[in-house]
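Residue-level listing of the chains:
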Amino acid sequence: MSETVLVIPRCNACGEALFPARYRCPRPRCGAADWTSEPAAGGAVEETTVVRHRVGAQGAGDVYLSSVRTQAGPVVIARSDTALREGERVALTIDEAMRVWARAR
Ligand SMILES: [Zn+2]
């Protein structure tokens, strides 16, 4: 599955960055619909959790989830193949299914 660098939209009117994208800026007294896309290739892990699959459930293996503070500002929820540590610097990508992936770097 192909992956690309995660892109975070930033409002051209007030500078707010957010993910996922919305049509209009949610910030009070802004509401602009004018965005610049900013690559967010990396970030720092804030919290982690693991979703353990039950025996017999579809799909094998545990799913590691982390909240990652991107360099652009917003926190994104990312999957990873291995457990990550809080505070760890990670690279961020997004796949064709719009899932965000974090990898230690
Ligand atoms: Zn705005």
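Throughout, residues of each chain are indexed from 1 in the direction in which the sequence is written. The predicted origin of the model limits local features to residues at a pLDDT of at least 70 and limits the giving and counting of side-chain atom pairs to 80 or more, whereas totals for whole chains, interfaces and linings rest on all residues. Note that water and hydrogens are dropped before the side-chain values are worked out from all heavy atoms of the structure.

A separate point is the nonpolar core. Among buried residues, the Ala, Val, Leu, Ile, Met, Phe, Trp, Tyr and Cys ones that are joined through side-chain atoms within 4.5 Å form a nonpolar core. Burial classes: relative accessible area under 20% of the type maximum marks a residue as buried, over 50% as exposed, and values in between as partly exposed (1.4 Å probe, protein chains only). By size, the foremost hydrophobic cluster in this structure holds 15 residues, and its most contacted members are Leu6, Val68 and Leu92. Helix and strand definitions here come from DSSP, where helices need a minimum of 4 consecutive H or I residues and strands a minimum of 2 consecutive E residues; each element is numbered from the N-terminal end. Only strand 6 (75-80), strand 7 (89-95) and strand 8 (100-104) provide two or more residues apiece to this core. Of the residues forming this core, the biggest block, three residues, is contributed by strand 7.

The next subject is the coordination of the zinc ion. For Na, K and Ca the donor cut-off is 3.2 Å, and for all other metals it is 2.8 Å, counting N, O and S atoms only; because water is absent from this set, sites may look incomplete. Within the protein, Cys11 (SG), Cys14 (SG), Cys25 (SG) and Cys30 (SG) serve as the donor atoms for the zinc ion, at 2.2 to 2.4 Å. The coordination sphere of the zinc ion comprises four donor atoms, whose angles at the metal cover 105 to 114°; the geometry is tetrahedral. Here the donor residues for the zinc ion map to a single chain with the spacing C-x2-C-x10-C-x4-C. On the criterion of sequence distance, the pair formed by Cys11 in strand 2 (residues 7-11) and Cys30 in the loop between strand 2 and strand 3 (35-39) is long-range, its members being 19 residues apart. The partly exposed category is assigned to Cys30, whose relative accessible area is 27%. Metal sites are grouped by the angles between bound donors: all angles between 85 and 135 degrees with four donors is tetrahedral, opposite donors over 155 degrees apart with the others between 65 and 115 is square planar for four donors and octahedral for six, and any other pattern is irregular.

We count a salt bridge whenever a side-chain nitrogen from Lys or Arg sits within 4 Å of a carboxyl oxygen from Asp or Glu. Applying the stated criterion across every chain yields a total of seven salt bridges. The closest approach of N and O atoms between Glu88 and Arg85, which form a salt bridge, is 3.9 Å. The class of Arg85 is exposed, set by a relative accessible area of 59%. Of the charged contacts, one joins Arg99 and Asp95 as a salt bridge, the two residues approaching to 3.1 Å between their closest N and O atoms.

Any link to function would need more than the numbers given here.
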